[in-house]
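Fold and contact review
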Amino acid sequence: MKPTRNWWTLLALAGLLQVACGLYEDQIGKFDWRQHYVGKLAFGAFDSSSLDRIIVATESNVLAAISAKSGEILWRQVLETGPRGDIKLLHVPSQGNGVVQQSGGRYNRAFDVITVTGVSPAMVRGWNPNTGTLEWEWSLVPVNPDRAEGAVWFLHEGTLYQVVPVAGSHLELTGYVATSGQQTRAATTRITAAWIKEGRCTLSGSFYACAIDEQLLAIDLLAENPQIIVKPLVATASSTPKPLPGTPAIIQDNRLYSLTSDLKTQLSPEDSLLVDDSVLEGESLLLHATTNRPKNTLALTAQKLRDNTPYEALDFSAEYPETLGAPQLVAIRCKTSAGGGKQLACRVLIASEDGAITLVQQGKIKWTREEALADVETADFLDLTLSDAEGAIEEELNNKNGDVFGAMQRRISNQIAHVKNLVLHVLGLGPAPSKAQRAGLVRDDFGLHKMLVVVTASGKVFGIDNVSGKQHWVRYLPEMTGFGNDQPMKLLVQRTSRFYPLTAQCVVLGRHKVTKNGLLYQFNPITGQPINGGLVQLSYKIRQASLLHETGPDFLRGLLLLDEQNEAHALPESTAKFVNAFYLFSADRETATIRGFLVEFSNGRLTTTPTWTVNLGGPGKGQQQIVAIEGKNPIEHVHSLGRVLADRSVLYKYINPNLIAVATHGPDNIHKYILNVHLLDVVSGSIVFSMSHKRVRPPLHMVHSENWLVYTYYNDKVRRTELASLELYEGKTQANSTVWSSLDAPPLPLVERQSYILPVAVSALKETITEKGITSKHLLIGLTTGAVAEMTWALLDPRRPVTSPEKAREEGIIPYMPELPLPHEIIVNYNQTVANMRGIHTAPSGLESSCLVFVHGLDIFVTRVAPSKTFDLLKEDFDYLMITTVLVLLTSVSYVVKHFASKKAIKQAWK
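Residues numbered from 1 in each chain as written. Predicted model: local features only at pLDDT ≥ 70, side-chain atom pairs only at ≥ 80, totals over all residues. Heavy atoms only, no water.

**A closer look at the packing of aromatic side chains**
This is how it is decided: Aromatic rings from Phe, Tyr and Trp, taking only the six-membered ring of Trp, are treated as a pair when their centres fall within 6.5 Å; an angle between ring planes under 30 degrees marks them as stacked, one over 60 as edge-to-face, and anything in between as tilted. Only runs of H or I of at least four residues qualify as helices and only runs of E of at least two qualify as strands under DSSP, and these elements are numbered from the N terminus. Here the term buried applies to any residue with accessible area under 20% of the maximum for its type, exposed to any over 50%, and partly exposed to those in between, with areas from a 1.4 Å probe on protein chains only.
Counted by the stated rule, this structure contains 10 aromatic pairs. The interplanar angle of 65° and the centroid separation of 5.7 Å between the aromatic rings of tryptophan 473 and phenylalanine 523 together place this pair among those described as edge-to-face. Taken as a pair, tryptophan 473 in strand β33 (residues 471-476) and phenylalanine 523 in strand β37 (residues 518-523) lie far apart in primary sequence, 50 residues in all. Overall, the relative accessible area of 0% leaves phenylalanine 523 in the buried class. Between the aromatic rings of tyrosine 521 and phenylalanine 523, the centroid separation amounts to 5.4 Å while the plane-to-plane angle is 15°, which identifies the pairing as stacked.

This is the structure:
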């Protein structure tokens, strides 16, 4: 009986087995890489329970621990997105100053890291600093959510205090046991403070202070009988006061005012201050950090806060690269050196204006984390330069003077030079390689190795190797910022590396932080070096920008700009002559009004003529607002102009290069809110197609390519994420098979549309693109889980039939099912999830089968995909030895057979 029972057990286990698809371990990271970030620093402190741990909280709603030795992330917790995850308070207990809560003597929370996030509700959490695990949490739902928006928090001796200011009236102070949320007093304490003004107050320790006119008013919230502290200001307050971490003091208009003494110190605008009481026992030190930009140095000085006497033991100077913004002192930790003397060895944590986190130790930068990459705005892949040998061949081919003997002479001399360089290289006497060759920045045979140029929200531009992830160069543009209405900075490619020996050229387009006028930065994307001075400040604000189609002998595409007075400008000015009947459009997000313009070059100047205006806002003022505008990728190629039907006829695609998709959203009296999607021709101003979705709201993501449009939205009625796909066809005859013209009044397209259900919310959407457009189009769907799904167009086809699938089967169309499957094998980043994903960028490679992909969010991830498999590339496990052996054997056998055949023919001839 016992063997039989074992057999039944084995059969039951075998029934549970399933076929699994996955990656081999040696394939992980072979064609992709991922880099983790935490974001721009908001709070930071050295962990007193470990010498190698820094606890940080960031503006990206992240709590993390960073190694003080290497700068690597030890652990990371990504909190809720949006206002719900905003970190209001970070408390890292110092030695002997923890929050102790014991239960039966078994559990000690003395070293828990405490955070307060959100407003309604406010979440108070305790974290284990060693592992980052959540130890406990409790929530607080405010009675008045509007007042709670301005609430501030502070922790004192195990009690967490919430301060709710009521402008012009009073302060509401409520204390809670930090680890349990139990209220310490029966009722909230109301402190009269009629001098409170919104936007003029701050919290410094337990002091609530406001800068009103020419006075600094403050009150100690923990005093038994709170008294108003009045400090006269030198001039009328022009900004919100800033607290000084570590002591009850306020910084107002470049002056430091102590709230507990008569200390008043004049500061420079570049000063960064920090108060620390851990270096000297019973003594607080005021640390100053200043930068010297001509010399690119950072100087740190210290003075005793009690009497302003210098403390020279902490003074040092360190190199501070120009790629880092203005420094802000965050934390310091010092210890006495082991040599027996009293020399201090200090680590200083610095947060830069550009988002970088830097640790300075003993007057040297130990490491720097480029956290600007946690907020990427735009990116592009650029071809690398040619090697010296390929460049020589390219120069030879470009010389087309028709001289045959001269071409032969150049070919022979080049070959001799190549042989000479090879011999010298073998002997170690060859010429030194160029800087690009030493860095490995040379174009490969398949065009898979490229330079990834990334522009971040803080104004930093990075040149990253898409194969290794190495940062080859960094440039910081402190004066540049994005455009209004959530419009990011633009990265435009004016010339690629294909025009040897001319260098590639890109331009970053943004606006000045102060004047709001246009600002350009021209640079070489391979080396990062500025071109023509780099920054170009414009005297006007930019409304629209586009690259010109025609180029001169330098192959540089000019930049056409439209200012707020609807006047056109060409940069460089010499490219204005290439503006020939150029059509532009501008959109007003608030009024949902789109206007078209015709730009022409005549009599040596550019003229702009308004051609059409379309109002998509509806009958009421501000009824509908534009939430998304999506055009087609300017570098895409359409390989197939039609679709073969079951009866062998051709259904021609409606391929209008001037077509854009505009989505508007607004309230509705019956359906709460409506989403409208319009297809608009920007040359003629005609609306080609419109579609409405009732009770639908953002987030909205759109992809517009060839003759189709795909967008996702949230259906509030059934509470799910849905995907709509549209295809446009001309019919079975083409209106014009040569050149498309929007001015010839082309016929309206036939529209096929369908909706599908997605099981997960969408955070980004992008289509794959290849060099010639032969490879099938796939849709890359970025999910809120951090995964990127590669979905074939066959599943999104709007022609999938609901009934009579026989005809569709002949065309290879899958019958309609509303649910879109998300199997694990279509996830291109397997377990390399990207937290808080915000965008996907794709670019073609040199291989028609492969597409390069860049995913950015809190992390960045680079990979490549092959929608139609790698039909133009041998597999990795291709057996070269076997095929070589077979060829050698076949060649040998053929010679042997030939020998025997000839002998047989001779014998037959003698018979």
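**Observations concerning the state of the cysteines**
What counts is decided by this rule: In this description, a disulfide is simply a cysteine sulfur pair whose atoms lie within 2.5 Å.
Counted according to the given criterion, the structure contains two disulfides. A sulfur-sulfur separation of 1.8 Å characterises the disulfide bridge that pairs cysteine 201 with cysteine 210. When the S-S torsion is 105°, as for the bridge of cysteine 201 with cysteine 210, the disulfide is right-handed. Both residues of the pair, cysteine 201 and cysteine 210, count as buried.

**Structural notes on the side chain of lysine 632**
Test applied: A residue counts as positive if it is Lys or Arg and as negative if it is Asp or Glu; His and the chain ends are not included. For salt bridges, the criterion is a side-chain nitrogen of Lys or Arg within 4 Å of an Asp or Glu carboxyl oxygen. Whenever two N or O atoms come within 3.5 Å, that pair is a polar contact, provided that in protein one can donate a hydrogen and the other can accept it, and provided that, for residues adjacent in sequence, both atoms are side-chain atoms. Any pair of residues with heavy atoms lying within 4.5 Å of one another is described as a contacting pair.
In this structure, lysine 632 sits in the loop between β45 (625-630) and β46 (642-644). There is no salt bridge for the buried lysine 632, and the closest opposite charge comes from glutamate 636, which lies 5.5 Å off by N-O distance. A distance of 2.9 Å separates the side chain of lysine 632 from the backbone oxygen of asparagine 656, its partner in a polar contact. Within the structure, lysine 632 has its side chain in polar contact with the backbone oxygen of glutamate 706 (distance 2.6 Å). Residues in contact with lysine 632, not counting those within four places in the same chain, are Ile655, Asn656, Pro657, Leu659, His704 and Glu706.

**Quick look at the UniProt feature "transmembrane region" (unreviewed entry) in the chain**
This is how it is decided: UniProt positions are given in the numbering used here, feature names are shortened, and annotations may be inferred rather than shown by experiment.
With numbering matched to this structure, UniProt assigns "transmembrane region" (unreviewed entry) to residues 878-897. Secondary structure content for residues 878-897 is 90% helix and 0% strand, and the end C-alpha separation is 29 Å.

**Quick notes on the environment of alanine 235**
Tracing the backbone through its elements, the reader meets alanine 235 in the loop between β17 (228-232) and β18 (242-243). What makes alanine 235 partly exposed here is its relative accessible area of 43%. Separated by 184 residues in sequence, alanine 235 and valine 419 place their C-alpha atoms 77 Å apart. Setting aside residues up to four positions removed in sequence, alanine 235 forms contacts with Asp213 and Glu214.

**Observations regarding unusual backbone geometry**
The step from serine 120 to proline 121 runs through a cis peptide bond, and the omega angle for that step is 5°. One can find proline 121 in the loop between β7 (113-117) and β8 (122-127). In this structure, proline 501 follows tyrosine 500 across a cis peptide bond, with omega equal to 5°. By secondary structure assignment, the location of proline 501 is in the loop between β35 (490-495) and β36 (505-512). A positive phi angle, close to 55°, is found at asparagine 603, a residue other than glycine. Mapped onto the fold, asparagine 603 is located in the loop between β43 (593-602) and β44 (605-615).

**Some remarks on the environment of leucine 645**
Here leucine 645 lies in the loop between β46 and β47 (650-653). With 103 residues separating them in the primary sequence, leucine 645 and leucine 748 have C-alpha atoms 21 Å apart. In this view, leucine 645 contacts Leu651, Lys732, Arg799 and Glu811; residues no more than four positions away in its chain are not counted.

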